[in-house]
Amino acid sequence: MKGGTDMRQKSKWLLPFLLLFVVALVGCNSDEESTSSTTPNKEEEPKTEEVSLTIGSWRTEDVAKYEKVIALFNEQHPDIHISFNPTKNTEYNTVLNTALQAGEGPDIFHLRPYAAGLKLAEAGYVEKINDLNGLSVYPEEALMASRDELGNQYGVPINLSSTQFFYNKKIFEDNNLVVPATWEEFIALNDQLLEKGITPIAMGTKEGWLLSLLHGIIGPAIYEGNDFYQAVLAGEKDFTDAKFIESLQVMNDLKKYFPANSEGLGMDDIRTLFALEDAAMFPLGSWEIPVVLEMNPDLELGYFPIPSKEGNKTVTTWVDGSFAINANSKNKEAAKLFLEFLTTKEFGELFVKEFSMISAIPGITSDDALLNDISNSTTNEATPYMWVTNFTGGDPTTKSLLESELQGMYLGQVTPEEVATKVQENAKTWFAPFQK
């Protein structure tokens, strides 16, 4: 009996302790549930991974401008760090190609337009961006600069370049000269300037690329622009055509309007002549506007499309570079975000404002009246710069052969007919329409 009494007494005291233990346990579980419902598990928190990208380019003069582009991009993507690392333009192709062949190179890079850039794509160094958001804002002509024959897109076009005649408004006004409306008026204008002792055209023949560029401006005025161009693409006409030979002869005839010793003058020389108002006209690209105005802010700068004998006017245009993604980049998704940003109106407006160039995005306007006027001309009076858009194939390229032969023509070593024959022979080795 005593044992039974002891057990009842122990149970009497044990029960309250068990009840307290259960209450405490429930309380702990309740606290844990409360804590877990208000404080997220740190391991489950979304993490934003920081990414670093590099951009390769030949535009060494644009470092400060691209810093502003990157800053605008970072307003939406602060965790993507981008470095703009350009290479001297004359060394860019070699540096980039060497890096790509080694499986390295920048994540994003400036892609040379047309055939030169597509060669890198064919070699497998450039990422396809067929599904990139924003590409639909561009006209087909702009996208073709970095699209292969199968329709694969490799680059986002950045800017349109144009070539035309710039002129010094003050020199024209002081000498009662007017912008020519026909080719005959253009020649008469040059003669008037020459008679007044003023160098009509700031042009030199030392650098071959200036000569293919000059032909891109002058040629359409002689062979009536787009009609001849389309016939060449169809294989209906070629470079032995009488009109094409005439365009070379006309270029040769213009030499008398160039500065003295033009065969020894390069880009820097002719730019300086025009900027310092020692020449009345300057046949070159739209990219020169900020350069010459920086050299001479007081320069009253105008431009005119070159007129043909029939009064048709042309401004030569092309896409001058796109941005592409390195196929070996380890950060392709971040790189795509940057390329998508390049398709936006915000980028286009910043680009026009800071770079003083024509955006490849349609409808982007500028506060600069001259740039706006040229932009309108590229819409309404455009002819393709066919040496860049269609004739950078061959070995040597047809474009580079034309340049060296034109240098020989200006030195009196070859005739326009001989230049045309050699250009045609080169093009026929690779240009399919000439092989029919």
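Everything here concerns the structure above.
Fair warning: this is a prediction, and the values are worked out from it, not measured in the lab.

Colleague: Please give an account of the packing of aromatic side chains that cites residues and values.
Modeller: Taken as a whole, this structure holds 33 aromatic pairs when the rule is applied. Between Phe239 and Phe244, the ring centres sit 4.8 Å apart and the planes meet at 45°, which makes this aromatic pair tilted. On the basis of relative accessibility, which here comes to 0%, the residue Phe244 falls in the buried class. Ring centres 5.2 Å apart and planes at 20° place the aromatic pair Phe274 and Phe282 in the stacked group. Across the pair, Phe282 and Phe274 agree in class, each one buried. Among the aromatic side chains, those forming a connected cluster through ring pairs are Tyr66, Phe73, Phe84, Phe323, Phe338, Phe341, Phe347, Phe351 and Phe355. The positively charged end of Arg112 is found above the aromatic ring belonging to Trp58, 4.0 Å away from the centroid.

Colleague: Would you mind going over the side chain of Ser57 in detail, with residue names and values included?
Modeller: Within the secondary structure, Ser57 is located in strand E1 (residues 51–57). Within the structure, Ser57 has its side chain in polar contact with the backbone nitrogen of Arg59 (distance 2.9 Å). In this structure, Ser57 is in contact with Phe84, Asn85, Pro86, Thr87, Tyr92 and His110, ignoring residues within four places of it in sequence.

Colleague: Break down the nonpolar core for me, with residues and values.
Modeller: Most often, soluble globular proteins keep nonpolar side chains buried together rather than apart. Core analysis: the biggest nonpolar cluster contains 114 residues, and Ile218, Phe239, Met281, Phe338 and Leu339 have the highest contact counts within it. Here this core takes eight residues from helix H8 (residues 208–222), the largest share from any one element. Those residues in contact with Phe239 that sit more than four places away from it in its chain are Val232, Phe244, Ile245, Met386, Trp387, Phe391, Ala420, Val423, Gln424, Ala427 and Phe434. In terms of nonpolar packing, the next biggest core, distinct from the first, is built from 13 residues, Tyr92, Leu96, Phe109 and Leu111 among them.

What counts, and at which threshold
Residues numbered from 1 in each chain as written. Predicted model: local features only at pLDDT ≥ 70, side-chain atom pairs only at ≥ 80, totals over all residues. Heavy atoms only, no water. Phe/Tyr/Trp six-rings, centres within 6.5 Å; stacked < 30°, edge-to-face > 60°. Buried < 20%, exposed > 50% of the residue type's maximum accessible area, 1.4 Å probe, protein only. Lys NZ or Arg CZ within 6 Å of the ring centre and 35° of its normal. Helix = DSSP H or I, 4+ residues; strand = E, 2+ residues; numbered from the N terminus. Polar contact = N/O pair within 3.5 Å; in protein donor to acceptor, adjacent residues only side chain to side chain. Contact = heavy atoms within 4.5 Å. Core = buried A, V, L, I, M, F, W, Y, C linked by side-chain atoms within 4.5 Å.

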